[in-house]
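Single-letter residue listing:
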Amino acid sequence: MRTRPLKVALLGCGVVGSEVTRIMTTHTDDLTQRIGAPVELVGIAVRRPDRVREGVPAELITTDATALVKRDDVDVVVEVIGGIEPARSLITTAFEHGASVVSANKALLAQDGAALHAAAEQHGVDLYYEAAVAGAIPLVRPLRESLAGDKVNRVLGIVNGTTNFILDKMDSSGAGYSEALDEATALGYAEADPTADVEGFDAAAKAAILAGIAFHTRVRLDDVYREGMTEVTAADFASAKQMGCTIKLLAICERAADGRSVTARVHPAMIPLTHPLASVRGAYNAVFIEAEAAGQLMFYGPGAGGAPTASAVLGDIVAVCRNKVAEATGPGESAYTRLPVSTMGEVVTRYHISLDVADKPGVLAQVATVFAEHGVSIDTVRQQGKDGEASLVVVTHRAADAALSATVEALRKLDTVRGVASIMRVEGE
Ligand code: HSE
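Residues numbered from 1 in each chain as written. Predicted model: local features only at pLDDT ≥ 70, side-chain atom pairs only at ≥ 80, totals over all residues. Heavy atoms only, no water.

Draft legend 1. Region of interest: the nonpolar core. Core analysis: the biggest nonpolar cluster contains 79 residues, and V77, F95, L139, V152, I166 and I289 have the highest contact counts within it. It is helix α10 (residues 201–215) that provides the largest number of residues to this core, a total of 11 residues. A domain split of this core shows at least three residues from each of domain 1 (6–135 + 306–326) and domain 2 (149–301). Not counting chain neighbours up to four residues away, the residues in contact with I289 comprise L139, L143, L147, V152, R154, V155, G295, Q296, L297 and F299. Within the second largest apolar cluster, 33 residues are counted, among which are I23, V39, L60 and A312. (Core = buried A, V, L, I, M, F, W, Y, C linked by side-chain atoms within 4.5 Å. Buried < 20%, exposed > 50% of the residue type's maximum accessible area, 1.4 Å probe, protein only. Helix = DSSP H or I, 4+ residues; strand = E, 2+ residues; numbered from the N terminus. Domains from an automatic or database assignment. Contact = heavy atoms within 4.5 Å.)

Draft legend 2. Quick peek at the pattern of salt bridges. All told, the structure shown has 25 salt bridges when counted by the stated rule. A salt bridge links R22 to E19; the shortest N-O distance between them is 2.9 Å. With R22 and E19 both in helix α1 (residues 15–26) and 3 residues apart, the pair spans about one turn of that helix. Residue class for R22 comes out partly exposed when judged on its relative accessible area of 39%. Several salt bridges converge on common partners, so that one network encompasses R154, E254, R265, E290 and E427. (Salt bridge = Lys/Arg side-chain N within 4 Å of Asp/Glu carboxyl O.)

Draft legend 3. Just the environment of Q366, in detail. Secondary-structure assignment places Q366 in helix α13 (residues 363–373). The sequence separation of Q366 and A196 amounts to 170 residues, and the corresponding C-alpha distance is 41 Å. Q366 has contacts with L414 and T416, leaving out every residue within four places of it along the chain.

Draft legend 4. Expanded view of the sheet that holds strand β3 (residues 61–62). Spatially, 6 strands are ordered β3-β2-β1-β4-β5-β6 in an open sheet, and the strand pairing comes out parallel. Each edge of the open sheet is held by one strand with a lone partner, namely β3 and β6 (127–128). Pairing between strand β1 (residues 6–11) and strand β2 (residues 39–45): 6 bridges, direction parallel. Following the sheet pairing, K7 is matched in β2 by E40. (Pairing = 2+ DSSP bridges.)

Don't take any of this as a statement about function, it's just geometry.
The structure is reproduced here in structure tokens:
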């Protein structure tokens with residue numbers, strides 16, 4: 001065993017950083033055995049040095065993150081501060097000084113992953129980021145390594161715990177969005193400003209990272225179609241129940257049927273109660289991967305939280321330290337397919353559309369004609385009359401999203417359509 005210790009610097013000491021510190025300082029012997037060399041935490045950069053951090057050695061704390069990443073004796077920099085800057089500059093400086101980087105920063109990787117990978121390669125070091133997607137759940141490594149010989153066609157998952165908690169609450173209690181959000185906030189699942197979660201930005205960043213690795217191409221946050229879940233209502237859940245479905249905020253990354261392009265999207269969707277993702281409750285995450293030879297794989301677990309995220313960070317620390325001991329690097333970016341990312345309009349999916357219509361002769365025929373004119377085939381129709389009005393629920397067969405959107409726009413213009421009560425995609429069948 002090599003005796004010179006590998007030196008690790010930590011950027012950020014919040015809920016994840018303090019757990020990383022705890023594990024590194026209490027499991028030192030095990031980590032040493034697993035790496036094949038002693039490993040030592042040599043500095044922790046924080047913004048607020050006076051904050052009480054139980055179990056964190058005070059002598060390691062510094063406010064000078066730049067000086068820490070410039071140290072030439074540091075082998076690994078762990079970035080758990082999040083956001084674009086100063087994280088990006090600190091990571092780049094760490095590479096320039098010969099350190100490998102372990103990051104949990106989904107926003108940065110979804111925006112600048114290609115440039116960061118290129119910088120790591122240029123300096124002969126590693127960039128690992130298992131913790132950036134779905135906390136403790138192994139996804140990056142299975143896609144990047146275990147499935148490296150297979151062809152992944154689809155990644156479908158619940159990758160945001162906050163929104164899954166809210167939707168699960170709405171489903172189980174009949175609560176509206178605001179009420180469920182209030183409970184998520186009170187229990188500490190939702191942040192004071194929940195925008196990144198409820199508007200789907202967090203899930204979209206994760207979708208970009210997963211799609212890029214799965215399809216060996218470049219997918220950035222801007223390429224991901226995104227709809228949040230703030231418009232989902234108790235009435236949508238009632239409609240879903242009538243169809244034997246529930247509603248989840250899904251991240252869906254797909255290779256097109258002709259194999260020439262990919263798509264990545266995040267939006268609420270109905271899924272059948274029989275689908276395994278329907279039983280993912282509370283703040284848990286789960287991701288389905290469909291690969292040509294492997295078939296269907298499901299990964300499930302805690303997608304957030306200090307200790308689960310630290311578990312993923314530690315796994316990466318061990319991996320990059322092993323690479324340092326072997327004087328090698330692990331897999332870098334694989335984007336050789338250069339597959340373009342198609343727009344949402346080209347995605348093929350199904351729709352559930354609930355309309356309030358006049359209950360008189362010819363209305364159903366008129367509505368059906370609009371679907372036919374747009375080349376969208378109807379799967380089922382359910383109508384319930386009440387006092388001269390009727391509620392009409394149409395579920396379509398698979399069609400291009402652009403055709404489905406145009407159909408809805410045309411339906412809105414019909415005099416006999418009083419309103420479009422709900423529109424939702426149907427997935428997972
Ligand atoms: N806020 C995220 C979630 C965790 O609720 O799943 C960090 O990505």
